[in-house]
Every structure is written in structure tokens, then in C-alpha cells.
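# A closer look at the structure
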2 protein chains.
Amino acid sequence: MSSALDDLSRINLGDQVYERIAKALLTGQMRPNDKLTIRGLSERWGVSTTPIRDAIKQLTQEKVLEQRSPKDVRVPVMTQAMYLEILQIRLHLEGLAAERAAERATPQDLRDLRKLLNRNDKAADRQNLALATAGNQEFHLSLSAVADMPTLQKILKGLWLQMGPLVACYYDMQPPGLNALHHEVIDAMQDKSPDRARLAIQKDILSAKPALLDQITTLRTGLRDPAEAL
Amino acid sequence: MSSALDDLSRINLGDQVYERIAKALLTGQMRPNDKLTIRGLSERWGVSTTPIRDAIKQLTQEKVLEQRSPKDVRVPVMTQAMYLEILQIRLHLEGLAAERAAERATPQDLRDLRKLLNRNDKAADRQNLALATAGNQEFHLSLSAVADMPTLQKILKGLWLQMGPLVACYYDMQPPGLNALHHEVIDAMQDKSPDRARLAIQKDILSAKPALLDQITTLRTGLRDPAEAL
DNA sequence: ATTTGATGCATGATGCATCAAAAAATCTTG
DNA sequence: CAAGATTTTTTGATGCATCATGCATCAAAT
């Protein structure tokens, strides 16, 4: 299960810190507008400054973290424009991934995906937020894995990370339910219907749109500058 | 003209080194299979190890450079599979950029783009490879700029960097000519025809496909391991 | 009371020393 | 002469000291 994590102690510290920050963003342990400092995380996690600096630099470059000023790096507050842009990109790219995945999926791939979906459904039933959000993301990314498109997967991973804090905040108050559309994607893949698979995943992506737009407004008004309270 | 470059001395060294390596890749000064070492570049360019390390780390993470083993970072040799994957992604994303650009382009945008194309045509006439390749790339990226989609542009920039060494090798022996399809893209934008703009840019992207596939085969046979020469 | 300027602290950038791992070169042995 | 073992060299990762800069705080002047 943790084939990639077993070697965690072997790979370099910077990457470990990267994953740690990524996880914190995805699970809502780091919230929009939170400030990150090299020395702060260094002391908190007992790691020297260099690996922390590496990780923050990379995340900043990927736009997962935002550099507001030379010494002020924060978890970005998603704007509506940014969300809508990411949405368009995802519709195209995840649609592409679903198509190709439908063309290439092996019986084993389909079994694995169904197993994953069952796990997600159970997590949703039990209101296990962390597992449900992680599972949801894993499903979306696994399409590009089945499609055998590593470059595409890397791009999508980045986009998911950017949306991470927003989604985490949302699930925080509005836990996810079962996801029929995910099952429809797999059914389409099993029928070798790229078009249906694409449409299903696109519909799934769009289904979250209204709620996330709401969440964006909530966050931005909630985090409004105290000065505006006049 | 160099609004973003005036502050070059102000921004951090790591980013300067990043740009320098990027330029070297795009202009063919660094070739596929070339090995990069921190200390090597450090001495060559008179910069300390830290900024070089930063730049190489970021480029490696973006898959612009390839980490073959823990201490062996190289300019990747593009595979056919990788090229075809990037091609699919670009068809979708640059198509999207062209559509949105066509919807939003202002008269000023159109003037700027035409000016750019004229410059490119002249560069092609004069067989100025460096200018022609840079200009070609600038045109493609400017579509996402006009579309006002910064996230999309960042993704496309990364993909272009990945293809950089391949394109540089190709232009090296097969200089580019005028590009009628680029003009067609702008004409479509001026007519506010997103569909035509998308089709034109997609056609342009595909027009390079056969030649680049050839180039891939050439490179891979040319760089074949000496051991195979039995 | 408000604004402005000076001072000190926090912080990122950079350079460098050290260490362990990898690679290269050299030597040994069959 | 070849293949393996061993030594030497190269190299990336990490930690840390230093430096320049930005920010906040506080006091003084208006």
C-alpha cells in the first residue's frame, strides 16, 4: 500500500517536506492566508532550513503557494477567476485522460478502480473526511495513470494541489456523499466508450462548481481585511 | 521592451540561473544527453552552488531536466511516446487558449501580435535561428496571455521547455520558413471566430509533427550508446 | 493626537564547509 | 588481456553562518 512511502527515509529531505506541506494543504491543516516561514517550519518539524527552503521554493513556483512579497509566502486564497480558469483546463485535460483511459484500460485496471471507488464510498458513509478527499483525488489522478500519460498526470496533480486548500475548506462543512458519476466513468471505460467516459468525468467536475464558487465567496468575505469592517 | 528584465539584477540569483539554463536549452546550447553538474555550472558561470542547485532542482521537478540517477542530471532525450503525449495536451490547451484569446482580443492585442509575426517572418528570412525559434515560441505563449489565463500559460511554458532541446536540434538543420498558419490564427481572432482560431493553431501544431518525429529518431540513433556499436 | 523617522528584530538569499554516496580511475589477479 | 576489487575523485545533500532587507514598534516632533 505504501510502496512509494517505504523509501521515504531514503529520498531527500526536501521532497519529504514537500509531501508534508502538500498533505497539510489537502487536509486543511494549512488554511488559505496562512503564512509560512522557513525558520518557523524548520523549528516546528525539527528539520534544518535547507530542505524547508527547497520545498517552499518549489511549491511557490508551482503557484501552490503564493509569494506576496519577498519575505511573505502564504497559502493562496483562491479567486473566482483562478478557479474558473482551472476548471476549463481540467475539463479539457481530465476529459482527455478519461478518453485515453477508456481506450487502454485493462480488466485489472478496472478492478483496481472499482476497489478504490468502494473504499471512497465507505469513507463517505463514515464521514471520514480525510480519506474521502484523498480518495476522490486519487480517483481523478488514476485516470491519467491508466491512460499512461505521466506528463498529463503531473499537470493535473499540480492543479489539484492548487485547489487543495479550497476543497479542504469546503469538505470541512459539507462532507461528500457517494459519487455516482465516478461509477459511470468506470462503466463507460468497461464498455470501451471514450466519449461517455469523457462526458461523465466532465459532468463530475462541473457538479462541484456551484458549491465551490459559494465556498470562494465565503472564504473571501470571511478573510476580509479588518479595515473593511467600517 | 524589457520591462521584466530590468529588474533582473534585483530578483534572486536562482531565478536568473533558471532563465539562463532555459535559454541554453531553447537555443541548443545544451543538447540532449548533456550532463549538468552543480559545481560545473557554478564554476562556468561564476555563481555559487546554491542558486545553481535551486535552478536545477526546479527544472528537474518540471521534467525539463531528467534525473537518471541520484547524481546524474541530464538534458532528456525526447521519446516518441513523450512527444505524442505532449502533442495531445498541446492540441487541447493551445486550442483552448486560441479560443479564449479570439473572444477577448483587443485591437491593441491584435496589433502587437501582428508586429510579432512580422518580426518572426523577417527572422526566418534572414535565417536567424535564435530569433526565429524564440519568436515562434513567444507567439504560441502570447495566445494564453491574451486569453488572460496565467495558469494555462505556465503549463504551456513548461511543455515548451520540455520540447526545447528537440526543437532546437531540429531547427539546427532545418530552418523555419514563414508561417501562414500563425497569420490565419490572428485573422480568425480579428473576426472573433474562436473555432477558426482553434483549428488554425491546432493545424500549426500538427504541421510540425512529421518532422519532429523524424528528428526524434535521428537523435536517438545518433546518441546511441557506444556499446551498441558492436 | 497623528504622522514620521529611527532602531531592532525577523527573515530570505547566498555562500561555504562537511559528509556520504556515487562515479571514475587504478590496481590486482586469474 | 579481462574482470573484479580497491582506492581516489567527484558530486549532491544538508546544515549553518552571514548578509541585506523588509517590517513592526516606538518615540519624538508637529
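Bear in mind the structure is a predicted one, so any value in this text is a computation, not a measurement.

Here the focus is the interface of chain A and chain B. In this complex, chain A contributes 28 residues to the contact, which on the side of chain B involves 28 residues. With both sides pooled, the region where chain A packs onto chain B buries about 2,400 Å², and carbon together with sulfur makes up 53% of that total. In this structure, the connection of chain A to chain B is made through twelve residue pairs in polar contact (both at pLDDT 80 or more). Mapped by element, the contributors of at least two residues to the side of chain A that touches chain B are α1 (13-26), α3 (49-61), α4 (80-104) and α7 (150-173) of chain A. Among the residues making up the side of chain A that touches chain B, the classes are represented as eleven nonpolar, nine polar and eight charged.

Attention shifts here to the nonpolar core. The nonpolar side chains of a soluble globular protein tend to be buried with one another. Counting 92 residues, the largest nonpolar core has Tyr83, Phe139 and Met189 of chain A together with Tyr83, Phe139 and Met189 of chain B as its most contacted members. Formed by 21 residues, the second largest nonpolar core is a distinct cluster that contains Leu36, Ala55, Val73 and Leu161 of chain B.

Moving on to helix α2 (residues 38-45) of chain A. Residue and element names in this part refer to chain A. Along α2, the residues classified as buried are Leu41, Ser42 and Trp45. Seen from one end, α2 has its buried residues packed into an arc of 105°, which puts them on one side. Among the exposed residues of α2, those pointing more than 90 degrees away from its buried face are Arg39, Glu43 and Arg44. Buried residues in α2 make contact with α1, β1 (35-36) and α3. Where α2 terminates, the next one or two residues include glycine 46, which has phi positive at roughly 65°.

On to the protein's contact with DNA strand D, then. By nearness alone, 17 residues border DNA strand D, and Leu13, Ser48, Thr50 and Lys71 of chain A together with Arg39 of chain B come closest of all. Among all atoms of DNA strand D positioned within 4 Å of the protein, those belonging to sugar or phosphate total 51%. Contact between DNA strand D and leucine 13 of chain A: a phosphate oxygen at 2.6 Å from a main-chain N or O atom of the residue. Within the contact set of DNA strand D, a base oxygen lies 2.4 Å away from a side-chain nitrogen or oxygen of lysine 71 of chain A. The element contributing the most residues to the surface near DNA strand D is α3 of chain A, with three residues. Its residues placed into classes, the surface near DNA strand D shows five nonpolar, seven polar and five charged.

All names here are of chain A. We note that the domain assignment places domain 1 (7-74) and domain 2 (80-220) within chain A. With centres defined by C-alpha atoms, the gap from domain 1 to domain 2 works out at 25 Å. On the side of domain 2, eleven residues touch domain 1, which itself brings twelve residues to the contact. Taken over both partners, the interface formed by domain 1 and domain 2 buries close to 960 Å², and the fraction arising from carbon and sulfur atoms is 67%. Contact with domain 2 buries surface across domain 1, with Leu26, Arg31 and Pro32 losing the most and accounting together for 49% of the total. The tally of links between domain 1 and domain 2 comes to zero salt bridges. No other element matches α1, which puts four residues into the side of domain 1 that touches domain 2. When its residues are assigned to classes, the side of domain 1 that touches domain 2 shows seven nonpolar, two polar and three charged.

With that out of the way, let us pick up the pattern of salt bridges. Inspection of the entire model under this criterion finds 26 salt bridges over all chains. Aspartate 54 of chain B is paired through a salt bridge with lysine 57 of chain A; the nearest N and O atoms lie 3.2 Å apart. Placement of aspartate 54 of chain B in helix α3 (residues 49-61) and of lysine 57 of chain A in helix α3 is noted, with the two residues assigned to different chains. On the basis of relative accessibility, which here comes to 5%, the residue aspartate 54 of chain B falls in the buried class. Note that arginine 68 of chain B and glutamate 66 of chain B form a salt bridge whose closest N and O atoms lie 3.6 Å from each other. The class of arginine 68 of chain B is partly exposed, set by a relative accessible area of 40%. Given the relative accessible area of 32%, glutamate 66 of chain B is considered partly exposed. When salt bridges that share partners are traced, they join Glu99, Arg100, Glu103, Asp195 and Arg198 of chain A into one network.

Criteria and cut-off values
- Residues numbered from 1 in each chain as written.
- Chains lettered and ligands numbered in written order.
- Predicted model: local features only at pLDDT ≥ 70, side-chain atom pairs only at ≥ 80, totals over all residues.
- Heavy atoms only, no water.
- Contact = heavy atoms within 4.5 Å.
- Buried area = accessible area lost by both parts, 1.4 Å probe.
- Polar contact = N/O pair within 3.5 Å; in protein donor to acceptor, adjacent residues only side chain to side chain.
- Helix = DSSP H or I, 4+ residues; strand = E, 2+ residues; numbered from the N terminus.
- Nonpolar A, V, L, I, M, F, W, Y, C, P; charged D, E, K, R; others polar.
- Core = buried A, V, L, I, M, F, W, Y, C linked by side-chain atoms within 4.5 Å.
- Buried < 20%, exposed > 50% of the residue type's maximum accessible area, 1.4 Å probe, protein only.
- Arc of directions from axis to C-beta.
- Near = heavy atom within 4 Å.
- Domains from an automatic or database assignment.
- Salt bridge = Lys/Arg side-chain N within 4 Å of Asp/Glu carboxyl O.

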